[in-house]
Amino acid sequence: MEAIHWIIKKARQAMMDHQYAIDQTLGQRYKIEKVLQNGSYGIIYLCWDLDSQQRCVVKQMRKSKKKENVENYKQETAILQMLDHLAIPKLIDTFVYQDKQFFSMEFIEGKNIEDALFDSEQKYNEIECLKMLKQLTSIICYLHEKGVVHGDIRIPNVLVHHGKLCLIDFGLALNLHTDNKAREQQEHLVQEDFFDLGDFLLFLLYSSYDEETKKDRPWTEELSLDPKTTHLLKRLLQIDEPYRRCEDVLTDIVEAITLLSESETHASSVRVES
Ligand SMILES: Nc1ncnc2c1ncn2[C@@H]1O[C@H](COP(=O)(O)OP(=O)(O)O)[C@@H](O)[C@H]1O
Ligand SMILES: [Mg+2]
């Protein structure tokens, strides 16, 4: 009997979370070109917007996870709507089609960093990593100034195109101005974004790490970094005194980049002289 219930439940879920096919048109406006992702939060389509004659991305909410998803959908669309930054996709529209909730947003050219690191085996040196972190951190500073925490800064949620970074996926973002959280909790959420920036930097730095032994050692031993970069990482990862304001993170990144560029220039002039 239980098996039948399970089959019925799965069949109902499959119907509710139906994935539309290529060339179908959603809401009489968005013609599907490709399914970008069929994840646990929703289905992401690359579409052709018949109105504006432009590419865009359409996100379909999962209906089977109704309660949490309605909340996420409201948050994500409200937050995207209030943001205006070149490195964040703009919300185009929200709509219901065949009883399912969708929203459309600007298409951002590029590859997500997860694919760049693991499929394309892209490698970045320390200074390139810091420059990428600087770009991402200035997007985060913009968000925090608006009272928004992203909550999900990870390599699959950052796109890169010709060295320019964009931040996507506001599915777990929160607007602290409207979300009555206690002050301590707000600070905790802000610091979680900083922690994720630290984790993001570690992913980038490990792209050019060549494993010498099979034994796992902590990053402080495996990576040979400039002391300024180590200091930055330790504060981001809350090993040392955590940052409280995004501007301070940015200042330390800029300082680390400057010091590294100076020592690189110095090293190359020494090489030329000898
Ligand atoms: N606006 C966009 N422009 C280009 N690609 C996008 C856009 N939004 C999402 N994608 C692609 O779809 C993937 C999943 O999108 P995301 O919003 O992160 O969904 P999920 O909530 O399922 O993680 C991303 O990793 C990215 O490759
Ligand atoms: Mg994502």
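Since this is a predicted model, take the numbers as computed values, not measurements. (Residues numbered from 1 in each chain as written. Chains lettered and ligands numbered in written order. Predicted model: local features only at pLDDT ≥ 70, side-chain atom pairs only at ≥ 80, totals over all residues. Heavy atoms only, no water.)

### Section: the nonpolar core
Right, so step 1: Of all hydrophobic cores here, the largest spans 67 residues; its most connected members are Ile-113, Leu-136, Leu-143, Phe-170, Phe-200 and Leu-232.
Right, so step 2: Sorting elements by how many residues they give to this core places helix H4 (residues 126-145) first, with 11 residues.
Right, so step 3: The residues that make up this core include at least three from each of domain 1 (12-106) and domain 2 (111-267).
Right, so step 4: Dropping the residues within four chain positions of it, Leu-136 is found in contact with Ile-153, Val-158, Leu-165, Leu-167, Leu-197 and Phe-200.
Right, so step 5: In this structure, Tyr-20, Leu-26, Ile-32 and Val-58 belong to the second largest nonpolar core, which totals 12 residues. (Core = buried A, V, L, I, M, F, W, Y, C linked by side-chain atoms within 4.5 Å. Buried < 20%, exposed > 50% of the residue type's maximum accessible area, 1.4 Å probe, protein only. Helix = DSSP H or I, 4+ residues; strand = E, 2+ residues; numbered from the N terminus. Domains from an automatic or database assignment. Contact = heavy atoms within 4.5 Å.)

### Digging into the site of ligand 1
Right, so step 1: If you check the shell around ligand 1, you find 16 residues, and the closest are Gln-37, Glu-106, Ile-108, Pro-156 and Asp-169.
Right, so step 2: For ligand 1, an oxygen atom lies 3.1 Å from a polar atom in the side chain of Asn-112.
Right, so step 3: One of the side-chain nitrogen or oxygen atoms of Asp-169 is found 2.9 Å away from an oxygen atom of ligand 1.
Right, so step 4: In isolation ligand 1 has 550 Å² of accessible area, and contact with the protein removes 91% of it. (Near = heavy atom within 4 Å. Polar contact = N/O pair within 3.5 Å; in protein donor to acceptor, adjacent residues only side chain to side chain. Areas by Shrake-Rupley, 256 points an atom, 1.4 Å probe, with all protein chains shown as cover.)

### Some thoughts on the packing of H4 against helix H5 (residues 183-206)
Right, so step 1: At a minimum axis distance of 10 Å, the contact between H4 and H5 shows a crossing angle of 160 degrees. With respect to H5, the axis of H4 lies roughly antiparallel. You can see that H4 and H5 cross each other, and the crossing is right-handed. Here Glu-126, Cys-129, Leu-130, Met-132, Leu-133, Leu-136, Thr-137, Ile-140 and His-144 of H4 come into contact with H5, specifically with Val-190, Asp-193, Phe-194, Leu-197, Phe-200, Leu-201, Leu-204 and Leu-205.
Right, so step 2: Across the contact of H4 with H5, the residue classes break down as 13 nonpolar, two polar and two charged. (Axes fitted to C-alpha atoms, helices over the stretch in contact; angles between N-to-C directions. Parallel < 35°, antiparallel > 145°, perpendicular 65-115°, else oblique. Left-handed = near helix turned anticlockwise from the far one by under 90°. Nonpolar A, V, L, I, M, F, W, Y, C, P; charged D, E, K, R; others polar.)

### Overview of the sheet that holds strand S5 (residues 91-97)
Right, so step 1: Judged by pairing direction, the sheet is antiparallel, and its six strands sit side by side in the order S1-S2-S3-S4-S6-S5 without closing on themselves. Where the open sheet ends on each side, the last strands, each with one partner, are strand S1 (25-26) and S5. (Pairing = 2+ DSSP bridges.)

### Focus: the domain arrangement of the chain
Right, so step 1: Here the chain is described as being made up of domain 1 (12-106) and domain 2 (111-267).
Right, so step 2: Just the C-alpha atoms count here: the centres of domain 1 and domain 2 sit 28 Å apart.
Right, so step 3: Residue-level contacts link 15 residues of domain 1 with 17 residues of domain 2.
Right, so step 4: Buried area between domain 1 and domain 2, both sides added, is near 1,300 Å², and the carbon and sulfur share of it is 66%.
Right, so step 5: Three residues stand out in domain 1 for area buried against domain 2, namely Ile-79, Met-82 and Ala-87, and they jointly supply 34% of the buried area on that side.
Right, so step 6: Applying the counting rule to domain 1 against domain 2 returns one salt bridge.
Right, so step 7: Of the charged contacts in the structure, one is a salt bridge between Lys-59 and Asp-169, with a shortest N-O distance of 3.4 Å.
Right, so step 8: At the junction of domain 1 and domain 2, the tally comes to three residue pairs in polar contact (both at pLDDT 80 or more).
Right, so step 9: Taken together, the residues that form the side of domain 1 that touches domain 2 break down as nine nonpolar, three polar and three charged. (Buried area = accessible area lost by both parts, 1.4 Å probe. Salt bridge = Lys/Arg side-chain N within 4 Å of Asp/Glu carboxyl O.)

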